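Structural characterization, general
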Amino acid sequence: MCHCGAVGWALASRPARLTSCNCLACRRYAALWAYGTRESVTITAEADATIAYVHGDRTLAFHSCRVCGCTTHWAGLAPHDGEWRIAVNMRMADPAAFADIPVARFDGAVTWSYLD
Ligand SMILES: [Zn+2]
């Protein structure tokens, strides 16, 4: 959950890998993303608990806690290949809980592909 506890999330299963993306937004958030969908991710927050930031081609919204500012997740604004995609920022979790999950580097800045 975020620092103040207003926004939380839960995953239906343990992610096989996490993603560190270097795009203009993600490198600023310093997030470690675990990808899922509306079916596999549960967001726990009041309806107005987050600030949603949308930019560029408007495919997704980054959600940050309105109180403490932590970026907790992003959510797709339309279905992608039939799925409503969500990614959660694993930095909200206890580091020990994901220390053994490999991190893949995604080049969202230029090639839009994994570097590892
Ligand atoms: Zn918070």
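For clarity, every value in this text was computed on a predicted model and none was experimentally measured. (Residues numbered from 1 in each chain as written. Predicted model: local features only at pLDDT ≥ 70, side-chain atom pairs only at ≥ 80, totals over all residues. Heavy atoms only, no water.)

1. Notes on the coordination of the zinc ion
Using the following cut-off: The rule for donors is simple: N, O or S, within 2.8 Å of the metal, or within 3.2 Å if the metal is Na, K or Ca. Water isn't counted, so a site may look like it is missing partners. Here the metal geometry follows the donor angles, with tetrahedral for four donors whose angles all fall between 85 and 135 degrees, square planar for four and octahedral for six when opposite donors are more than 155 degrees apart and every other angle is between 65 and 115, and irregular for all the rest. For every residue, the accessible area obtained with a 1.4 Å probe (protein chains only) is divided by the maximum for its type, and the residue is called buried under 20%, exposed over 50%, and partly exposed between those limits.
Looking at the zinc ion, the protein donor atoms are Cys2 (SG), Cys4 (SG), Cys65 (SG) and Cys68 (SG), and they sit 2.3 Å from it. Each of the 4 donor atoms around the zinc ion contributes to a set of angles spanning 103 to 118°, which defines the coordination as tetrahedral. Spacing between the donor residues of the zinc ion along their common chain follows C-x1-C-x60-C-x2-C. With a relative accessible area of 28%, cysteine 68 lands in the partly exposed category.

2. Looking at the side chain of aspartate 107
Applied cut-off: Secondary structure elements are defined from DSSP: runs of H or I of at least 4 residues count as helices, runs of E of at least 2 residues count as strands, and each element is numbered from the N terminus. Only four residue types enter the charge count: Lys and Arg as positive, Asp and Glu as negative, with His and the chain ends excluded. The salt bridge criterion pairs a side-chain nitrogen of Lys or Arg with a carboxyl oxygen of Asp or Glu, the two atoms within 4 Å. We call two N or O atoms a polar contact when they sit within 3.5 Å, provided that within protein one can donate a hydrogen and the other can accept it, with sequence-adjacent residues counted only if both atoms are side-chain atoms. Only heavy atoms matter for contacts: two residues are in contact if any of them lie within 4.5 Å across the pair.
Turning to its location among the elements, aspartate 107 is positioned in strand E9 (residues 103-107). Of the side chains with opposite charge, arginine 105 comes closest to the buried, unpaired aspartate 107, at an N-O distance of 8.8 Å. Looking at aspartate 107, its side chain comes within polar contact range of the main-chain nitrogen of valine 110, at 3.3 Å. What aspartate 107 contacts, discounting residues up to four positions off in sequence, is Asn22, Trp112, Ser113 and Leu115.

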